[in-house]
Amino acid sequence: MDNTFAKLGCAKWLVEALNAMKITTPTEIQKNCIPEILKGKNCIGGAKTGSGKTIAFAAPMLTEWSKDPCGMFGIVLTPTRELAMQIAEQFSALGSSMNIRISICVGGEDIIKQSLDLQRRPHFIIATPGRLAHHILQGNEEFVSNLKRLKYLVLDEADMLLTNTFSSDLKRCFEKLPPKDVRRTLLFTATMTDQVKSLQDSAENKFFMYQTDKLDDVAVPSTLKITYLLLPEHVKEAYLYSILASEEYKDKSCIIFVNRTINAEILRRTLQKLEIRVTSLHSQMPQKERTNAIHRFKAQAARVLIATDVAARGLDIPTVQLVINYDLPSDPDTYIHRSGRTARAGKRGEALSFITPNDVDRVHAIEERINLKMEEFDKVHDTAVIRKVLQKVTVARAESLIDMDKDGFGEKRKIQELKRSSNKERGKSFRRK
Ligand SMILES: Nc1ncnc2c1ncn2[C@@H]1O[C@H](COP(=O)(O)OP(=O)(O)OP(=O)(O)O)[C@@H](O)[C@H]1O
């Protein structure tokens, strides 16, 4: 198959814009999906994290749009606000020479400003379903009637968007979009589900389907090293600090995933006290702070990002070299997306999972899903080093809990409980040593 975007049928201006970004050779998913989408087909595309799915749907849409660049042309829906902002940035950068107009329509931002922006008839709207549904319900007639002219609908992270969480908002959006046989529908994901696949054969709506993962049964990128560290719950922070401050990792850009907002907040404050350049991203932060955190991390003003699963999907930050699953996710697909924040576009990366004795079933489920065994993390410091940092980390954590209590973070009751249990656990661990 031909090896340039021009030969796949992309517009000349777009090929130049891609080349200016050093994107010259299409990836597998791009080679296979772009020509089919340009033929006017609906498309379901499955490929590993970091394999260029965004350009696989953006390039054909932009090519078609540029033939008559007026009015609303396409909507891209994604599950998270930060991902919507990232996709909007990519569309803006690619289409800047064509004066492209993009609207970002996500929760947490000023509704009135957004509403005015949507009335300017953007060429593309990049949205989260909840906020788009809100504008549709509240929106003026002109905006809603313009939606009827859309040519393309994209569901990025389609497996996630097709879960119950989004179903009522999606339904509200779809009611105002052109019918399935008029618009083109493009679905992309790194973790194909039966629900996504099942759309392939819906009678009125035949899809071209391409799945690169079928060529190779392992569900994570080949440049990703996956490791585990078995440890008791109460020493996780000490190990984390010790790894982040170690010679090997002290300069590396790292995302640490936790399962609960409160843990993200405790860890951020604790690591900050220990002088690690850290920021955090979770759903209880105001949107301004969320956006600011991403900017600081991208600009490397912060080296470590502590995040909940709001950062698990789609975020493309090429400098990330290490992902740590501080808490193991219960869903193996979430493991795939989290780990995929590193080792993108052929770069190397490492995903380390902290595993407590309670996590054994989860590990087996993950290994079965990705078809690969995790290797034991071999850069652990000896217990004498850990014991030394344990005291320092314990103090930093205790101070963080007191600060959170004072600042009124979350539920006071939960913090009090954590303070009590943490004192008990640590008391035990000091006595044991
Ligand atoms: N043909 C290409 N050549 C080189 N780099 C590319 C190419 N296509 C995309 N990229 C770059 O690869 C990175 C990952 O692309 P993208 O974010 O689209 O991945 P993805 O498949 O959507 O991943 P995820 O499943 O995590 O959302 C981006 O930085 C993008 O600019």
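Please read these numbers as outputs of a predicted model, since none were measured by experiment. (Residues numbered from 1 in each chain as written. Predicted model: local features only at pLDDT ≥ 70, side-chain atom pairs only at ≥ 80, totals over all residues. Heavy atoms only, no water.)

Q: Sorry if this is basic, but what is going on with the overall build of the protein here?
A: Along the backbone of the protein there are 18 helices and 14 strands. In terms of principal-axis extent, the alpha carbons of the protein reach across some 70 × 45 × 40 Å. Counting the 433 residues in the protein, one finds 57% classified as buried. Long-range pairs, those at least 24 residues apart, make up 75% of the contacts in the protein with a sequence separation of at least 6. Entry remark: accessible area of the protein is about 19400 Å², with carbon and sulfur atoms responsible for 49%. Counting 67 positive and 54 negative side-chain charges, the protein places the centres of these two groups 3 Å from one another. (Helix = DSSP H or I, 4+ residues; strand = E, 2+ residues; numbered from the N terminus. Buried < 20%, exposed > 50% of the residue type's maximum accessible area, 1.4 Å probe, protein only. Contact = heavy atoms within 4.5 Å. Areas by Shrake-Rupley, 256 points an atom, 1.4 Å probe, with all protein chains shown as cover. Lys, Arg positive; Asp, Glu negative; His and termini not counted. Charge placed at Lys NZ, Arg CZ, Asp CG, Glu CD.)

Q: Help me understand the pairing of strand E2 (residues 74-77) in this model?
A: In summary, the side chains of a regular strand alternate between the two faces of the sheet. In E2, alternate side chains face the same way, and those of Gly74 and Val76 on one face and Ile75 and Leu77 on the other are all buried. Here E2 runs beside strand E4 (residues 124-127); their pairing, made up of 4 bridges, is parallel. Its bridge partner being in E4, Gly74 is matched across the sheet by Phe124. For E2 and strand E5 (residues 152-156), the ladder comprises 4 bridges, and the chain directions are parallel. Looking at E5, one finds that Gly74 is bridged to Tyr152. (Pairing = 2+ DSSP bridges.)

Q: When you look at the sheet that holds E2 in this model, what are you seeing that I'm missing?
A: Within a sheet, adjacent strands bond to each other through the backbone by hydrogen bonds, running parallel or antiparallel. The sheet built from 7 strands is open, its strands ordered E3-E4-E2-E5-E6-E1-E7 with parallel pairing. Each edge of the open sheet is held by one strand with a lone partner, namely strand E3 (102-105) and strand E7 (207-211). For this sheet, the mean inter-axis angle between neighbouring strands, taken without regard to orientation, is 15°. Relative to E4, E3 is paired through 4 bridges, and the arrangement is parallel. In the strand pairing of E4, Cys105 is matched with Ala127. (Axes fitted to C-alpha atoms, helices over the stretch in contact; angles between N-to-C directions.)

Q: Is there a simple way to think about the sheet that holds strand E11 (residues 304-307) in this case?
A: Strand order in this open sheet of 7 strands is E10-E11-E9-E12-E13-E8-E14, and the pairing throughout is parallel. Looking at strand neighbours, the two that pair on one side only are strand E10 (278-281) and strand E14 (375-376), the edges of this open sheet. Taken together, the 4 bridges between strand E9 (residues 253-257) and E11 define a ladder with parallel strand orientation. Considered in E11, the bridge of Cys254 is made with Val304.

Q: What exactly am I supposed to notice about the site of the ligand here?
A: With respect to spatial proximity, 21 residues lie near the ligand, and among them Thr25, Lys53, Thr54, Asp316 and Arg344 are the closest. Take Thr54: an N or O atom from its side chain is 2.7 Å from an oxygen atom of the ligand. For the ligand, an oxygen atom lies 2.8 Å from a polar atom in the side chain of Arg344. Summarising the interface, the protein chains cover 86% of the accessible area of the ligand, which totals 640 Å² for the free molecule. (Near = heavy atom within 4 Å. Polar contact = N/O pair within 3.5 Å; in protein donor to acceptor, adjacent residues only side chain to side chain.)

Q: Explanation requested: the confidence of the model for the protein in the structure shown.
A: For residues with low pLDDT, the predicted coordinates do not support detailed interpretation. Chain-level statistics for the protein give a pLDDT mean of 92 and a share of 92% at 70 or above. Low pLDDT, under 50, characterises residues 427-433; the predicted model gives this stretch 8 contacts beyond four residues in sequence or across chains. Across the assembled chains, the prediction reports ipTM 0.99 with pTM 0.93. (pLDDT = per-residue confidence, 0-100.)

Q: Help me out: how do you make sense of the packing of aromatic side chains in this one?
A: Taken as a whole and assessed by the stated rule, the structure comprises 8 aromatic pairs. When the centroid spacing of 6.0 Å and the interplanar angle of 65° are considered together, the rings of Trp65 and Phe124 count as edge-to-face. Taken as a pair, Trp65 in helix H4 (residues 53-65) and Phe124 in strand E4 lie far apart in primary sequence, 59 residues in all. Residue Trp65 is classed as buried on the basis of its relative accessible area, which comes to 0%. (Phe/Tyr/Trp six-rings, centres within 6.5 Å; stacked < 30°, edge-to-face > 60°.)

Q: What is the right way to read the layout of surface pockets from this model?
A: If a probe the size of a water molecule is rolled over the atoms, the empty space left behind becomes visible. Roughly 1100 Å³ of volume is contained in the largest pocket. Looking at the lining of the largest pocket, the elements that each hand over two or more residues are helix H3 (28-38), H4, helix H5 (81-95) and strand E6 (184-189). Broken down by element, the residue count for the lining of the largest pocket peaks at 7 residues, all from H5. Residue composition of the lining of the largest pocket, grouped by class: 16 nonpolar, 18 polar and 13 charged. Here the lining of the largest pocket spans two domains, and each of domain 1 (5-211) and domain 2 (224-404) adds at least three residues to it. (1 Å grid on protein atoms, 1.4 Å probe; cavity = no way out; pocket = protein on both sides within 12 Å on 5 of 7 lines; lining within 4 Å. Points joined across faces, edges and corners; volume = space filled by probe spheres on them. Nonpolar A, V, L, I, M, F, W, Y, C, P; charged D, E, K, R; others polar. Domains from an automatic or database assignment.)

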